[in-house]
Amino acid sequence: MEPEAKWNGSSEQVEFSRMSPRSQGFTKLPGQKTCGKSVLLFTFVLLISVALWAALLFLFLTRSKEIAQDLEKLQESCVYHNDSGIVTIIRQLQMDQWDLKNDVPQLSKALNKLQEDQTTLKSKASQMNQQLDRLEEDRTAFKSQVLNEQNAATQAWGKLQEEIEKLWTEFQRANGSICTNCPENWQLFEKKCYFFGKEPKTWSQAKFACVSLQGRLVSIKSKEEQAFLTQKANKKGSWIGLRDLDIEGEFVWMDGSPLNYSNWSPGEPNNQGQGEDCVAMRANNGRWNDANCRGQQESWICEKLATC
Ligand code: MMA
Ligand code: CA
């Protein structure tokens, strides 16, 4: 910068630029003095620029040497760093990879073993399932066998009781201690005779009809007697001798005995409409229902003791 400023700002330069166009150029220089000055100036400028160029070259060379040294150092440091850091990591990774490679056969062996175990367990599970199914079948079969045997035993026991009853009745009859005579149109069951009304009546009408036949509306004391009456009623709704006239819900037989055996229809007695105090056997199955005493039933059943 400095040499340039000197060059531009010099008095010779100013003077040179003030010269007329005719006086410019060496050949037409007006005097010896002016030519000498210019040569001096030119030489001086040349020297200065050579010096400057030399300085610049020197600076450039020095700087590039420094840069080269720096680069070398940097390279060395990189290499050094590579060795101690990245290379170590790479080595570690390689070792890990090696270890893993070593582990692979063991792992695949273990996997195979596990697969075998799984297969074995699966087959064992299916065997156990089969066994369980068989056991379940056996249990069901055994249960139904037990139930069958139980039913058979109950039936046998019932039959045996019937047989004993019959034998006992026969024995009493033979002995003369049991009466088996019933009037015409009355039917004998054990010690009693039964009459089955042929026309519809209210409960009171039925009661009087029985009395007029020297009997009373039937009292049922056992399931055997009930079975006999259900069968003989022949699918007709029939009044029986049971009512709760005095105390609601307290049913009493016409013979004055309490209600021990009963054969109510499901949901009965329900005293429907608060007006059901008399009991009838249902037509379809003979089971009992409390009904309105003033309503009619197709039939009614009287009883009396058999005579000798
Ligand atoms: C009838 C009547 C009742 C009996 C009910 C059962 C609707 O009334 O027979 O005495 O309890 O049926 O549903
Ligand atoms: Ca009822």
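Computed from a predicted structure; not experimentally measured.

Surrounding ligand 1, one finds E268, N270, Q272, E276, R282, N289 and D290. One of the backbone nitrogen or oxygen atoms of D290 is found 3.0 Å away from an oxygen atom of ligand 1. Surface burial for ligand 1 is 51%, taken as the share of its 330 Å² of free accessible area covered by protein chains. Split by residue class, the shell around ligand 1 holds no nonpolar, three polar and four charged.

A few words on the coordination of the calcium ion (ligand 2). Reference values for coordination geometry: four tetrahedral donors around a metal ideally subtend 109.5 degrees, six octahedral donors ideally subtend 90 or 180 degrees. Protein ligation of the calcium ion (ligand 2) involves E268 (OE), N270 (OD1), E276 (OE), N289 (OD1), D290 (O) and D290 (OD), the donor distances falling in the range 2.3 to 2.7 Å. One chain supplies every donor to the calcium ion (ligand 2), and in sequence these donors are spaced E-x1-N-x5-E-x12-N-D. On the criterion of sequence distance, the pair formed by E276 in the loop between β5 (252–253) and β6 (278–281) and D290 in strand β7 (residues 288–291) is long-range, its members being 14 residues apart. Its relative accessible area of 12% is what places E276 among the buried residues.

A few words on the state of the cysteines. In this structure the tally under the stated criterion is four disulfides. The disulfide bridge from C182 ends at C193, spanning 1.9 Å between sulfur atoms. Between C182 and C193, the S-S dihedral sits near -90 degrees, and the bridge is therefore left-handed. With C182 in the loop between α3 (32–175) and β1 (187–189) and C193 in strand β2 (residues 192–196), the pair connects residues that are eleven residues apart, well separated along the chain. A relative accessible area of 27% places C182 in the partly exposed class. C210 shares a disulfide with C302; S-S distance 2.0 Å. Negative torsions about the S-S bond denote left-handed disulfides, and the value of about -85 degrees found for C210 with C302 makes this one left-handed. In this pair, C210 is assigned in helix α4 (residues 203–212) and C302 in strand β8 (residues 299–305), connecting sequence segments 92 residues apart. The residues C210 and C302 share a single accessibility class, namely buried.

Our next topic: helix α5 (residues 223–233). When we look at burial in α5, the residues that qualify are E225, Q226, F228, L229 and A233. Axial view of α5: buried residues confined to an arc of 160 degrees, hence all on one face. Across from the buried face of α5, at angles greater than 90 degrees, the exposed residues are K223 and Q231. In this fold, the buried residues of α5 make contact with β1, β2, β4 (238–243), β6, β7 and β8. Where α5 terminates, the next one or two residues include N234, which has phi positive at roughly 55 degrees.

The subject of this paragraph is the packing of aromatic side chains. For the structure on display, the rule yields eight aromatic pairs. Taking 5.5 Å as the distance between ring centres and 40 degrees as the angle between the ring planes, the aromatic pair formed by W186 and F195 counts as tilted. Both residues of the pair, W186 and F195, belong to the buried class. With 4.6 Å between their ring centres and 20 degrees between their planes, F189 and F228 make a pair best called stacked. With a gap of 39 residues between them, F189 in strand β1 and F228 in helix α5 connect regions that are remote in the sequence. For the pair F189 and F228, one class covers both residues: buried. Three or more aromatic residues joined by ring pairs make a cluster, and in this case those are F251, W253, Y261, W264 and W288. The cationic tip of K198 hangs over the ring face of F195; the distance from NZ or CZ to the ring centre is 5.3 Å.

What counts and what doesn't
Residues numbered from 1 in each chain as written. Chains lettered and ligands numbered in written order. Predicted model: local features only at pLDDT ≥ 70, side-chain atom pairs only at ≥ 80, totals over all residues. Heavy atoms only, no water. Near = heavy atom within 4 Å. Polar contact = N/O pair within 3.5 Å; in protein donor to acceptor, adjacent residues only side chain to side chain. Areas by Shrake-Rupley, 256 points an atom, 1.4 Å probe, with all protein chains shown as cover. Nonpolar A, V, L, I, M, F, W, Y, C, P; charged D, E, K, R; others polar. Donors = N, O, S within 2.8 Å, 3.2 Å for Na, K, Ca; no water. Helix = DSSP H or I, 4+ residues; strand = E, 2+ residues; numbered from the N terminus. Buried < 20%, exposed > 50% of the residue type's maximum accessible area, 1.4 Å probe, protein only. Disulfide = S-S within 2.5 Å. Arc of directions from axis to C-beta. Contact = heavy atoms within 4.5 Å. Phe/Tyr/Trp six-rings, centres within 6.5 Å; stacked < 30°, edge-to-face > 60°. Lys NZ or Arg CZ within 6 Å of the ring centre and 35° of its normal.

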